[in-house]
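# A structural walkthrough
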Amino acid sequence: MVDGSISSNKTDTAEQLRQSAREYVQAKRWAEARSAYAALLSNDKEDEDALTGLAGALEKLADYEAMYEAAQDAVQANPGSARALAYKARALQKLERLSEATIANDQALLLDTNLALAWFNRSGQQLLQEHFPEALRYAERSIELDPDDARAWTNKGLALLQLHRLHEALEAVNESLARDPDYLVPLTLKGEILRRYGRLQEVVETMRHALEIAPDDISSLNVMAQTLRTLSSYEELSKISARLVELTPESLFAWDSYACALRGLGRFDEATIAIEHVLELDPTNVRYMMIKADNLYRLGRYREAVSASESALRLDEEYPPARRIHEKAMRAMYQQKRKKK
């Protein structure tokens, strides 16, 4: 009786843990889900459900090495499990071991042709290889099997975007966000599609949401910066581009956007420093050299403006903006000299 009671209590505890883990997954509390699945595995290290659940939580936490270990343990516990093999394939894909991922995923599909995760994996693999019609077909198969998977809808949107089917891509992305409103990838993708349509205020709203979720996401910051430049929203652009410069100091686009924002705000001292960084990255660009000259002219530093405009003209002696700045700076420099006399 005592032994049976202990066994029953252990079973109850395991089921309670399993239920808690699933509730944490539902609530997207990934660290707590990881802990709950790890607790289950302390009782039974070959618990396939716990191992695959742990792999899924670790993916959300971007711990792909640990995800692979959990999925591999699941495969060893049950070599005939399509689900375990699909999670292994997913982990390998995240680790950029694409050939191994393809093999593991093919094995999963041989065992279960109706496994949505495996079709989702295959669509992602095709996207990585830029086989967009195939990626679309496999994403649609995944959706057919599991229409509530936001990730599959996102893959469909990505494939459609690459196939230049913008309207359908936007529909797919909206389907993804209807299932997971805080999913960063489709948010950024939606922003890019809306930007191509010229629906710029909607882009700003979408990217603000994305940046609330992930303030340092480079893709979201880039889409936001491109949009704010088009809208001439220099105050907000100065903040977004300043963050981009911090995160990607070797990015020409980041420094160019920052210089653009500072010029738009009339902060020419700072813009001059920013344009020097731009020229370090692209020293033979006549437009950037002309902007340097214009900044210096606006600061009343006419001799330096003349020198910078001459550098621009050496790059392209027919470039009209550089010729205009050179003429203006020369006149201003001589006027300044006469006044001093």
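These numbers come from a predicted model, not from an experiment.

### Section: the packing of helix α13 (residues 218-231) against helix α15 (residues 252-264)
Two elements in contact, α13 and α15, have axes whose closest approach is 11 Å; the angle formed by their N-to-C orientations is 35°. As α13 packs across α15, the resulting crossing turns out to be left-handed. Residues N222, A225, Q226 and R229 of α13 pack against F253, D256, S257 and C260 of α15. Of the residues in the contact of α13 with α15, the class split is three nonpolar, three polar and two charged.

### Considerations on the packing of helix α11 (residues 184-197) against α13
The interhelical angle for the contact between α11 and α13, taken along N-to-C directions, is 20°, at an axis separation of 10 Å. Considered as vectors, α11 and α13 are oriented roughly parallel to each other. By crossing handedness, the relation of α11 to α13 is classed as left-handed. Where α11 abuts α13, its residues L184, T188, G191, E192 and R195 lie against S219, S220, V223, Q226 and T227. Considered class by class, the residues forming the contact of α11 with α13 number two nonpolar, six polar and two charged.

### Notes on helix α14 (residues 234-247)
Relative to the 20 Å expected for 14 residues at 1.5 Å per residue, α14 spans 19 Å between its end C-alpha atoms, a close match to the ideal helical length. L237, S238, I240, S241, L244 and V245 are the residues of α14 that are buried. In this fold, the buried residues of α14 make contact with α12 (200-213), α13 and α15.

### As for helix α17 (residues 286-298)
Counting along an α-helix, one turn takes 3.6 residues, and residues three or four places apart therefore face a common direction. Relative to the 18 Å expected for 13 residues at 1.5 Å per residue, α17 spans 18 Å between its end C-alpha atoms, a close match to the ideal helical length. The element α17 is largely enclosed, with a buried count of 10 among its 13 residues. Of all the residues in α17, the buried ones are V286, Y288, M289, M290, I291, K292, A293, D294, N295 and L296. By the N-cap criterion, in which a side-chain oxygen at the helix start approaches the backbone nitrogen of a residue two or three places on, α17 is capped by N285, the distance to R287 being 2.9 Å.

### Quick look at unusual backbone geometry
Not every positive phi belongs to a glycine, and K28 is a case in point at roughly 60°. Among the structural elements, K28 can be located in the loop between α1 (2-26) and α2 (30-43). For E96, which is not glycine, the phi dihedral falls at a positive 65°. Positionally, E96 belongs in the loop between α5 (82-94) and α6 (98-111).

### Observations regarding the environment of R301
By the element assignment, R301 lies in the loop between α17 and α18 (302-315). Between the alpha carbons of R301 and M333 there is a distance of 8.5 Å; along the sequence they are 32 residues apart. Look past the residues within four positions of R301 in its chain and what remains in contact with it is D269 and L296.

### Points about the confidence of the model for the protein chain
Mean pLDDT over the protein chain: 94, with 96% of residues reaching 70 or higher. In this model residues 1-9 is a low-confidence stretch, pLDDT under 50, and it forms zero contacts with partners more than four residues away in sequence or in other chains.

### As for the pattern of salt bridges
Scanning the model with the defined rule gives 28 salt bridges in all. Ionic pairing is found between E192 and R196, a salt bridge with its closest N-O pair at 3.0 Å. Residue E192 and its partner R196 are both found in helix α11; the two are separated by four residues, about one turn of the helix. Judged by relative accessible area, E192 falls into the buried class, the value being 14%. Taking the shortest distance from any N to any O, the salt bridge between R267 and E270 comes out at 2.9 Å. In this structure E270 comes out as partly exposed when scored by relative accessible area, which is 33%.

### Quick look at a negative patch on the surface
A cluster of acidic residues, D63, E65, E69 and D73, forms a negative patch at the surface. Residue position: E65 is located in helix α4 (residues 64-77).

### Regarding the nonpolar core
Side chains of a nonpolar character, in soluble globular proteins, are inclined to be buried together. If you look at the biggest cluster of nonpolar residues, it comprises 103 residues, and the most contacted ones within it are Y37, I193, M224 and I240. In contact with Y37, other than residues within four places in its own chain, are A21, R22, V25, D49, A50, G53 and L54.

Analysis parameters
- Residues numbered from 1 in each chain as written.
- Predicted model: local features only at pLDDT ≥ 70, side-chain atom pairs only at ≥ 80, totals over all residues.
- Heavy atoms only, no water.
- Axes fitted to C-alpha atoms, helices over the stretch in contact; angles between N-to-C directions.
- Helix = DSSP H or I, 4+ residues; strand = E, 2+ residues; numbered from the N terminus.
- Left-handed = near helix turned anticlockwise from the far one by under 90°.
- Contact = heavy atoms within 4.5 Å.
- Nonpolar A, V, L, I, M, F, W, Y, C, P; charged D, E, K, R; others polar.
- Parallel < 35°, antiparallel > 145°, perpendicular 65-115°, else oblique.
- Expected span 1.5 Å × (residues − 1).
- Buried < 20%, exposed > 50% of the residue type's maximum accessible area, 1.4 Å probe, protein only.
- Polar contact = N/O pair within 3.5 Å; in protein donor to acceptor, adjacent residues only side chain to side chain.
- pLDDT = per-residue confidence, 0-100.
- Salt bridge = Lys/Arg side-chain N within 4 Å of Asp/Glu carboxyl O.
- Patch = residues over 30% accessible without salt bridge, like charges linked within 9 Å, V, L, I, M, F, W, Y side chains within 5 Å.
- Areas by Shrake-Rupley, 256 points an atom, 1.4 Å probe, with all protein chains shown as cover.
- Lys, Arg positive; Asp, Glu negative; His and termini not counted.
- Charge placed at Lys NZ, Arg CZ, Asp CG, Glu CD.
- Core = buried A, V, L, I, M, F, W, Y, C linked by side-chain atoms within 4.5 Å.

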